[in-house]
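Here is what each chain is made of, one letter per residue.
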Amino acid sequence: MEARAELKHVRISPRKVGIVLDLIRNKPCDIAMATLKLTPKAASEPLIKLLKSAMANAENNHMMDISSCYVSQCWCGEGITMKRIRPKDHGRAHRILKRTSNIYLVVKEKE
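Attention in this report is confined to the structure presented alongside it. Here the structure is a predicted model, which means the values were calculated and not measured. Per chain, residue numbering runs from 1 following the sequence as it is written. Only residues with pLDDT of at least 70 are given local features in this predicted model, and only at 80 or more are side-chain atom pairs given and counted; all residues enter the totals for whole chains, interfaces and linings. Side-chain numbers here rest on the full set of heavy atoms in the structure, without hydrogens or water.

1. So, helix α3 (residues 44–60)
Residues spaced three or four apart along an α-helix face the same direction, because each turn holds 3.6 residues. Secondary structure is summarised from DSSP: a helix means a run of H or I of at least four residues, a strand means a run of E of at least two, and numbering begins at the N terminus for each. Here a helix's expected span is defined as the number of its residues, less one, multiplied by 1.5 Å. Compared with an ideal rise of 1.5 Å per residue, which puts 17 residues at 24 Å, α3 spans 24 Å between its outermost C-alpha atoms and is within 8% of the ideal. Per-residue accessibility, obtained with a 1.4 Å probe over protein chains only, is compared with the maximum for each type, and a residue is labelled buried under 20%, exposed over 50%, and partly exposed between these values. When α3 is considered as a whole, its buried residues turn out to be S44, P46, L47, I48, L50, L51, A54, M55 and A58.

2. Brief notes about the nonpolar core
If you look at the biggest cluster of nonpolar residues, it comprises 27 residues, and the most contacted ones within it are L51 and L105. Elements that contribute at least two residues to this core include exactly β1 (2–10), α1 (14–24), α2 (29–38), α3, β2 (69–87) and β3 (93–109). If you tally residues by element for this core, the top one is α3, at seven residues. Excluding residues that lie within four positions of it along the chain, L51 makes contacts with C29, A32, M33, L36, V71, L105 and V107. The set of buried Ala, Val, Leu, Ile, Met, Phe, Trp, Tyr and Cys residues whose side-chain atoms join them within 4.5 Å is what this entry labels a nonpolar core. By definition, residues are in contact when any of their heavy atoms lie within 4.5 Å.

3. Overview of α2
Considered for burial, the residues of α2 that qualify are C29, A32, M33 and L36. On an axial view of α2, the arc spanned by its buried residues comes to 100°, and they lie on one face. Turned more than 90 degrees away from the buried face of α2 sit D30 and L38, all of them exposed. Buried-residue contacts for α2 involve α1, α3, β2 and β3. Note: the arc covers the axis-to-C-beta directions of the helix.

4. Some remarks on the state of the cysteines
Cysteine sulfurs are considered disulfide-paired once they come within 2.5 Å of each other. Summed over the entire model, instances satisfying the criterion amount to zero disulfides. Note on C69: no disulfide assigned, nearest cysteine sulfur contributed by C29 at a separation of 5.3 Å. With a relative accessible area of 1%, C69 lands in the buried category. No disulfide involves C74; its nearest neighbouring cysteine sulfur is the one of C76, lying 9.7 Å away.

5. Quick word on unusual backbone geometry
Even without a glycine there, the phi angle at H9 is positive, about 60°. Inspection of the secondary structure assignment puts H9 in strand β1. Although it is not a glycine, N26 adopts a positive phi angle of roughly 65°. For N26, a relative accessible area of 54% gives the class exposed.

Structure representation (structure tokens):
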């Protein structure tokens with residue numbers, strides 16, 4: 001059994017989110033939650049909410065035991081990119097890409 005949770009259009013670059021996802025992959029849920037709470041990265045706050053959601057899905061929808069669950073898979077993809085313009089010298093304009101992330105987290109129960 002596995003429970004999923006996904007979070008779309010988070011206003012953080014996927015590259016920055018991937019660094020934090022590497023910290024919690026294949027860890028038990030309680031250790032992953034403690035790791036996220038103590039990590040001073042901007043991506044850890046939405047990931048805490050996502051992990052809580054996945055744990056709630058596991059408990060309520062799939063009747064899994066939370067104490068024996070672990071983060072089996074977590075990955076991040078690129079969401080929509082907002083394009084903005086930055087004025088530069090001599091009337092030119094440079095493009096700024098404000099990237100977003102789609103984050104997916106899967107929780108499984110240990111056998």
